[in-house]
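Each chain is listed here by its residues.
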Amino acid sequence: MSLIQDADKIINKTKIKFDERWIQYILTAQLKFEMNIFNIHDLTELIGHYTQLQERLREYIDTNQNYNVSGKSKKLNLSDYFAYGICMISNINDCKSFKDVFNKRDDFEINDISTTENYHEQDDDVMATYTNCMCSHSMCSENSYVITNLKTRRSIMVGCNCIQKTDIINIEELKKLINTKNRKKQERAKRIKLTKQKKQEEEERLLNIIRKTELDKIKRRDLLIKWKGLVIKSVKHNNKIFWKNIIK
């Protein structure tokens, strides 16, 4: 399930590690930024607020790198910024992983800016302007969405790509999942191969039994034919001793 319904599966892969250090980092950052926008009603002001706020959020995480990442580089990308933004509006103490954060979608309210009560026809020029998603990617204002956590009352603005994301996962965890999946796939293939091999061996064993049975039948038939021939020969030559021996 994504933030919106009927979206294709789009996983947000981040190098940030979700651990106790990250939880404390988010708690500290949440105290530094006002992310409640319910008192803003002008659309121009609203978009301007998010643009400036999210620039400051990205600047903060870029300059205050007191968190763990997978790999040596702490240079963040679009996926990292998105994961950071979702955590910033969440009740992080209730979560033990990025999956927990994303699974609490029921706490989120999604609003298309162009359909909010803040939008009026005179704002068409504003909607045509470009701003930036939480992930830092450029987007047209008319394609932007506000994600609000109704419990924390915090919100961020994202574009038409990020709104379709279905999960957040650390790249190391994803690698482990892929390796586990591949290992299970290989083990399954091995089991199928062994089962097929055992089936072939059993079929060969049964065929050998059938062959042996048929061969025994042929041998018995040949012996019977030979025996009958000898009996007939003995009768013809009136060889009573031989006949007697044959009967025995």
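Reading the values: rules and limits
Residues numbered from 1 in each chain as written. Predicted model: local features only at pLDDT ≥ 70, side-chain atom pairs only at ≥ 80, totals over all residues. Heavy atoms only, no water. Helix = DSSP H or I, 4+ residues; strand = E, 2+ residues; numbered from the N terminus. Buried < 20%, exposed > 50% of the residue type's maximum accessible area, 1.4 Å probe, protein only. Pairing = 2+ DSSP bridges. Axes fitted to C-alpha atoms, helices over the stretch in contact; angles between N-to-C directions. Parallel < 35°, antiparallel > 145°, perpendicular 65-115°, else oblique. Left-handed = near helix turned anticlockwise from the far one by under 90°. Contact = heavy atoms within 4.5 Å.

A word on the environment of Leu 53
Next up, step 1: Tracing the backbone shows Leu 53 in helix α2 (residues 43–63).
Next up, step 2: Take Leu 53: its relative accessible area is 2%, and that puts it in the buried class.
Next up, step 3: In this structure, the C-alpha to C-alpha distance between Leu 53 and Met 157, residues 104 residues apart in sequence, is 9.8 Å.

Quick look at the pairing of strand β5 (residues 145–149)
Next up, step 1: With 5 of 5 residues buried, β5 lies mostly within the body of the structure.
Next up, step 2: Side chains of β5 alternate between two faces, with Tyr 145, Ile 147 and Asn 149 and Val 146 and Thr 148 buried alike.
Next up, step 3: Here 5 bridges tie β5 to strand β6 (residues 154–158), and the two strands are oriented antiparallel to one another. Among the inter-strand pairings, Ile 147 is bridged to a residue of β6, identified as Ile 156.

Brief notes about the packing of helix α1 (residues 20–32) against α2
Next up, step 1: α2 packs onto α1 with a crossing angle of 140° between their chain directions and a minimal axis gap of 12 Å. Overall, the two elements α1 and α2 adopt an arrangement that is oblique. Considering the relative orientation of α1 and α2, their crossing is right-handed. Along its contact with α1, which presents Trp 22, Tyr 25, Thr 28, Ala 29 and Lys 32, the element α2 presents Arg 56, Tyr 60 and Ile 61.

A few points about unusual backbone geometry
Next up, step 1: Even without being glycine, Ser 136 reaches a positive phi, approximately 95°.
Next up, step 2: Phi is positive for Arg 153, which is not a glycine, with a value near 65°.
Next up, step 3: Mapped onto the elements, Arg 153 comes out in the loop between β5 and β6.

Distances and angles like these do not, on their own, reveal function.
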